[in-house]
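# Residue-level structural notes
As a plain string of letters, each chain reads:
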Amino acid sequence: MRLPVVLSLLATLCAAGSALAADPVKVPSPAQTEQRQKMTDCNQQATTQSLKGDDRKKFMSQCLKAETKPATANMTPQQEKMKTCNADAAKKELKGDARKTFMSTCLKKAS
């Protein structure tokens, strides 16, 4: 007679113990929250533009890689000069040695 009572009591305690041992709810880090928001925003933009297939993948990749802060905000003067010279060389469609010469001259100029 005692055995069924003890077994039911033991089963109840095991069930209660496993319920109490459940993992607590994990709160996402600020970086995860920011990435989720960025993903949502990029997804909405892609949907608004009616992008499908490869075009959507390309857009999403570029959108998710984009900085949320302006890139020039944390660039050194040398990095800014390099960016400007690179843009100028691209506009002139310079390649190979002509590009190297142009970049060298451009980077040596005083700001």
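Only a predicted model underlies this, so the values are computations on that prediction, with no experimental measurement involved.

On the surface, Leu 3, Leu 7 and Leu 10 cluster together into a nonpolar patch covering about 310 Å² of accessible area. Along the chain, Leu 3 turns up in helix α1 (residues 2-20). By relative accessible area, which is 56% here, Leu 3 ends up exposed.

Right, let's talk about the state of the cysteines for a bit. Two cysteines whose sulfur atoms are joined by a covalent bond form what is called a disulfide. Tallying each qualifying case throughout the model produces two disulfides. Bridging Cys 42 to Cys 63, the disulfide has an S-S length of 1.9 Å. Where Cys 42 bonds to Cys 63 through sulfur, the torsion about that S-S bond is close to -80°, and the disulfide is left-handed. Separated by 21 residues along the polypeptide, Cys 42 in helix α2 (residues 30-48) and Cys 63 in helix α3 (residues 53-65) bring together distant segments of the chain.

Cut-offs used in this document
- Residues numbered from 1 in each chain as written.
- Predicted model: local features only at pLDDT ≥ 70, side-chain atom pairs only at ≥ 80, totals over all residues.
- Heavy atoms only, no water.
- Patch = residues over 30% accessible without salt bridge, like charges linked within 9 Å, V, L, I, M, F, W, Y side chains within 5 Å.
- Areas by Shrake-Rupley, 256 points an atom, 1.4 Å probe, with all protein chains shown as cover.
- Salt bridge = Lys/Arg side-chain N within 4 Å of Asp/Glu carboxyl O.
- Helix = DSSP H or I, 4+ residues; strand = E, 2+ residues; numbered from the N terminus.
- Buried < 20%, exposed > 50% of the residue type's maximum accessible area, 1.4 Å probe, protein only.
- Disulfide = S-S within 2.5 Å.

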